[in-house]
Amino acid sequence: MATKVYMEALSPTMEEGRVASWLKHEGDAVSVGDILAEVETDKAIMELQARGDGVLRKIFAPDGATADVGSLIAVIAEPDEDISGFQAGGGASSPAPAAPASSPGPAVAAPAEPAPSRTPEASSAAAPVAAGGDGRTKSSPLARRLARERGIDLATLEGSGPGGRIVKRDVEAAQPVRPAAVAPAHLSGYEDVELSQVRKTIAKRLSQSIGPVPHFFLTREIDMERVWDARQSLNALDAPPRISFNDIIVKVVAEALRHHRACNAWWQDDHIRYFNEVHIGVAVAIQDGLITPVIRNAHIKSLREIATETRDLAARARERKLKPDEYTGSTFSISNLGMFDIDEFTAVINPPEAGILAVGGIVARPVVVDDEVVIRRRMRVTMSCDHRVIDGATGAQFLQTVAQMLENPLAIVW
């Protein structure tokens, strides 16, 4: 019996997927568990596995094609089996049911009749793309993408990653195989680049936020002298990991949210959901946009635990290796652009969250202390609030607590 290969929802926000590359081709023999293709979702690159034996008879979505969740993208069947009734996006009998966004699962090739129920074993089959042992060049998804963009043959590179895996730095250090083309003078002075799945999702989420969500903004300048000294003392202990200012801010914001539950909330149309646990989303810049890994239960984690977890999540976010439960479910978010010498900015709320804190850089400024002008290290933060959930005084009190803890770091453990 033929096996239909569907595009399934691999993350809670995924509505379509892009076929990054087919690893099996029409006419290739396929066994259960074989990797058929790499699928680019809105957050990561995942492996699509075969759930049936036979021959990959027909591919409906070629490399680079985008397909809606639930649509038919390929058919596995016996060599002499009639598949004339199958067509792109549908099936021989009935269209494939789209996986609900609230229940992300792997991209799988499901039997045509009947569709199998999901099991924990099936759900664990999807994983970020890793080096394979089937003769393919070992390389990370990001390295493969960069190589395609730069015209570099991966087979000519020597990998510096684990097990000889080709990683981003290897591609960046290589010279393109083909010389860069010089555009003739008569050609247009611009280039149209197709949207990636990440950029499409960002655009959609922003349109769902800045328009419908009634934002208001609160800015406060905070004295960072004591935090500066405390961080230097902690890092002087020479015990990994090194603590960043962002780690301290995550810890402080989590503790402040524990005291200001009204800011640790989601807008749910007909009700407001207030959380007793604090899950902090930390914005991380990746190729084509950003993603927000989540530090879960940040209010009960130590500064060292937060630092370790943040680095791990950020590294895997840049390699598109995060699992759906690692970038969903945050109750409040932080966006820090201080490392880019940005003094202050406003961030867009990530619905259904009710708030996000934009963090600027630490700058030495002249300020008045005890009637004298002195130079102090200061940092500006701006809180974006959903006015349907957070009132002005509520947001101001939350920022006041954040400032008090940063200006008196011992308050974190008091």
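What you see is a predicted model; the values in this text were computed from it and never measured. (Residues numbered from 1 in each chain as written. Predicted model: local features only at pLDDT ≥ 70, side-chain atom pairs only at ≥ 80, totals over all residues. Heavy atoms only, no water.)

Visitor: Provide a residue-level description of the overall build of the protein chain, including the pertinent values.
Guide: The helix and strand inventory of the protein chain stands at eight helices and 19 strands. With 414 residues in all, the protein chain has 47% of them scored as buried. Of all intrachain contacts in the protein chain linking residues separated by at least 6 positions in sequence, the fraction that spans at least 24 positions is 65%. Split by element, the accessible area of the protein chain, about 20400 Å² in all, is 53% carbon and sulfur. (Helix = DSSP H or I, 4+ residues; strand = E, 2+ residues; numbered from the N terminus. Buried < 20%, exposed > 50% of the residue type's maximum accessible area, 1.4 Å probe, protein only. Contact = heavy atoms within 4.5 Å. Areas by Shrake-Rupley, 256 points an atom, 1.4 Å probe, with all protein chains shown as cover.)

Visitor: Can you tell me about the layout of surface pockets, naming the residues and giving the values?
Guide: Vacant regions in the atomic arrangement are exposed by a probe of water-molecule size rolled over the atoms. The space that makes up the second largest pocket amounts to roughly 400 Å³. Taken together, Arg18, Glu40, Arg145, Arg148, Glu149, Glu191, Val193, Glu194, Leu195, Ser196, Arg199 and Asp288 form the lining of the second largest pocket. With three residues, the top contributor of residues to the lining of the second largest pocket is helix H2 (residues 141-150). Of the residues assigned to the lining of the second largest pocket, the class counts are two nonpolar, one polar and nine charged. (1 Å grid on protein atoms, 1.4 Å probe; cavity = no way out; pocket = protein on both sides within 12 Å on 5 of 7 lines; lining within 4 Å. Points joined across faces, edges and corners; volume = space filled by probe spheres on them. Nonpolar A, V, L, I, M, F, W, Y, C, P; charged D, E, K, R; others polar.)

Visitor: Outline the sheet that holds strand E7 (residues 66-68), listing residues and values.
Guide: Strand order in the open sheet made by the four strands is E5-E4-E2-E7, with antiparallel pairing throughout. Only two strands of the sheet have a single neighbouring strand rather than two, namely strand E5 (45-49) and E7. When the angles between neighbouring strand axes are averaged without regard to direction, this sheet yields 40 degrees. Inspection of the sheet shows strand E2 (residues 16-22) paired to strand E4 (residues 35-40) by four bridges, in the antiparallel sense. (Pairing = 2+ DSSP bridges. Axes fitted to C-alpha atoms, helices over the stretch in contact; angles between N-to-C directions.)

Visitor: Any details on the pairing of E2? Residues and values, ideally.
Guide: Where burial is concerned, most of E2 is hidden: six out of the seven residues are buried. In this sheet, E7 lies alongside E2 in antiparallel orientation, the contact comprising three bridges. Across the sheet, the residue bridging to Arg18 is Thr66, located in E7.

Visitor: I'd like to hear about the pattern of salt bridges, residue by residue, with values.
Guide: Where charged atoms of side chains with opposite charge meet at close range, the side chains can pair. As enumerated under the stated definition, the model contains 17 salt bridges in all. Arg377 serves as the salt-bridge partner of Glu225, at 3.2 Å between the closest nitrogen and oxygen. You can see Glu225 sitting in helix H5 (residues 225-236) and its partner Arg377 sitting in strand E19 (residues 372-386), a full 152 residues away along the chain. According to the relative accessible area criterion, Glu225 is buried, its value standing at 14%. Judged by relative accessible area, Arg377 falls into the partly exposed class, the value being 27%. (Salt bridge = Lys/Arg side-chain N within 4 Å of Asp/Glu carboxyl O.)

Visitor: With reference to specific residues and values, describe the nonpolar core.
Guide: Val253, Ile280, Met383, Phe398 and Leu406 are the most contacted members of the largest nonpolar core, which has 52 residues in total. The leading source of residues in this core is helix H6 (residues 245-259), at nine residues. If we skip the residues at most four places from it in the chain, Met383 touches Phe216, Phe217, Leu218, Cys263, Phe332, Ile356, Leu357, Ile390, Gly395, Phe398 and Leu399. The next biggest cluster of nonpolar side chains, apart from the first, holds 21 residues, and it includes Met14, Ala50, Ile59 and Ala67. (Core = buried A, V, L, I, M, F, W, Y, C linked by side-chain atoms within 4.5 Å.)

Visitor: Tell me about the environment of Leu322, and name the residues and values.
Guide: Within the secondary structure, Leu322 is located in the loop between helix H7 (303-318) and strand E17 (332-336). By relative accessible area, Leu322 is classed as buried at 1%. Remark: the alpha-carbon pair of Leu322 and Pro293, spanning 29 residues in sequence, is separated by 8.0 Å. The contact partners of Leu322, leaving out residues within four places of it in the chain, are Ala44, Ile291, Pro293, Leu313, Arg316, Ala317 and Tyr327.

Visitor: Residue-level account of a nonpolar patch on the surface, with values.
Guide: Taken together, the side chains of Leu206, Ile210 and Val348 define a hydrophobic patch exposed on the protein surface, amounting to about 230 Å² of accessible area. Position of Ile210 among the secondary structure elements: in the loop between helix H4 (197-209) and strand E10 (215-223). (Patch = residues over 30% accessible without salt bridge, like charges linked within 9 Å, V, L, I, M, F, W, Y side chains within 5 Å.)

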